[in-house]
Amino acid sequence: MPILKIARMGHPVLRAPATPVADVFAPEIRRLLEDMRDTLADSGGVGLAAPQVHVPLRVILFSVPASRSETGEALPLRAVINPVITPLSDEKVTGYEGCLSVPGLRGAVPRYTHIRLTGLTSEDVPIDEELHGFAARVVQHEADHLDGMLYPARMEDFRAFGYLEEVERYPYALNQENP
Ligand code: NI
């Protein structure tokens, strides 16, 4: 179960649109899911998309730690294959994000607060659910990776972009509520 190398901003795999997965149970997809889980666990991140490990397929992993959950309960790590996101309202909130492909940095990004997520689980079961808050943010971030989009391209105010240590030390007051 190897820990995969993570592509960093500037690598073309992060700019390319990813291809849908045809067969969730194909051996190479089982191996990819396992390796992505190991890679994410090793990194300490909350989400990972297959293009970040140099595989241009529409696969994401995400979890929500209890500290970031609206209910106070963690959402355990899960995979979503071929995810599709539909905003369920026009409301967006700007909040800080980081990315394993943009190491050491944080930036404030507006995201929809309420989305519908469809796709398949790692066991080929259809997903159709509504997500709010941090879960909605993480899924939008990860799904963007499948369209060749990194979070800095979504930023509207580059004053809210910096190195993690500095951003934590000198918080920049966002115009909107900061989740
Ligand atoms: Ni990312």
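Here, residues in each chain are numbered from 1, in the same order as that chain's written sequence. Reporting of local features is limited, given that this is a predicted model, to residues whose pLDDT is at least 70; pairs of side-chain atoms are given and counted only at 80 or more, and all residues count toward the totals for whole chains, interfaces and linings. By convention in this description, side-chain values take in all heavy atoms of the structure and omit both hydrogens and water.

### Some words on helix 1 (residues 27-43)
Look at helix 1: 24 Å from first C-alpha to last across 17 residues, which is about the 24 Å you get at 1.5 Å a residue. Partly exposed residues are those whose accessible area sits between 20% and 50% of the maximum for their type, while under 20% is buried and over 50% is exposed, using a 1.4 Å probe and protein chains only. Labels follow the DSSP assignment, with helices taken as runs of H or I lasting at least four residues and strands as runs of E lasting at least two, numbered in each case from the N terminus. Among all positions in helix 1, only Ile 29, Leu 32, Leu 33, Asp 35, Met 36, Thr 39 and Leu 40 are buried. Contact criterion: two residues are considered in contact whenever any of their non-hydrogen atoms come within 4.5 Å of each other. Taken together, the buried residues of helix 1 touch strand 1 (47-49), strand 2 (59-64) and strand 3 (75-87). Looking one or two residues beyond helix 1, the residue adopting positive phi is Gly 44, at roughly 80 degrees. Each helix should span, by expectation, one fewer than its residue count multiplied by 1.5 Å.

### A short note on the coordination of the nickel ion
Donor selection uses N, O and S atoms within 2.8 Å of the metal (3.2 Å for Na, K and Ca). Since no water is included, sites may look incomplete. Only Cys 99 (SG), His 141 (NE2) and His 145 (NE2) from the protein coordinate the nickel ion, and they sit 2.1 to 2.2 Å from it. The sequence pattern formed by the donor residues of the nickel ion is C-x41-H-x3-H. Taken as a pair, Cys 99 in the loop between strand 4 (92-97) and strand 5 (105-112) and His 145 in helix 2 (residues 133-146) lie far apart in primary sequence, 46 residues in all. Each member of the pair, Cys 99 as well as His 145, is classed as buried.

### Some thoughts on the environment of Ala 66
Residue placement: Ala 66 occurs in the loop between strand 2 and strand 3. Linking Ala 66 and Pro 76, residues 10 residues apart in sequence, is a C-alpha distance of 9.5 Å. For Ala 66, the contacting residues outside a window of four places in its chain are Gly 72, Glu 73 and Ala 74.

### Some words on the pairing of strand 6 (residues 114-120)
Within a regular strand, side chains alternate between the sheet's two faces. Being paired, for any two strands, means DSSP has found at least two bridges between them. Across five bridges, strand 3 lies against strand 6 in antiparallel orientation. Within the sheet, the bridge partner assigned to Pro 87 lies in strand 6 and is Ile 115. Sheet topology note: the strand 6/strand 7 (residues 126-132) ladder contains seven bridges and is antiparallel. Bridging across to strand 7, Leu 120 finds its partner in Pro 126. Following strand 6, the chain reverses through five residues before pairing antiparallel with strand 7; Asp 124 in that reversal takes a positive phi of roughly 70 degrees.

### Re the packing of aromatic side chains
Pairing of aromatic side chains requires ring centres within 6.5 Å, counting the rings of Phe and Tyr and the six-membered ring of Trp. Pairs whose planes differ by under 30 degrees are stacked, by over 60 edge-to-face, and all others tilted. By the definition in use, this model includes two aromatic pairs. Ring centres of Tyr 151 and Phe 161 lie 6.2 Å apart, and the angle between their planes is 85 degrees; this geometry places the pair in the edge-to-face category. In this pair, Tyr 151 is assigned in the loop between helix 2 and strand 8 (161-163) and Phe 161 in strand 8, connecting sequence segments 10 residues apart. For Tyr 151, a relative accessible area of 2% translates into the label buried. Take Phe 161: its relative accessible area is 28%, and that puts it in the partly exposed class. An aromatic cluster of three or more residues is present, and its members are Tyr 151, Phe 158 and Phe 161. A positively charged side chain is recorded as over a ring if its NZ (Lys) or CZ (Arg) lies within 6 Å of the ring centre. The angle to the ring normal must also be within 35 degrees. In this arrangement the basic side chain of Lys 92 is found over the ring face of Tyr 112, its NZ or CZ atom lying 4.7 Å from the centre.

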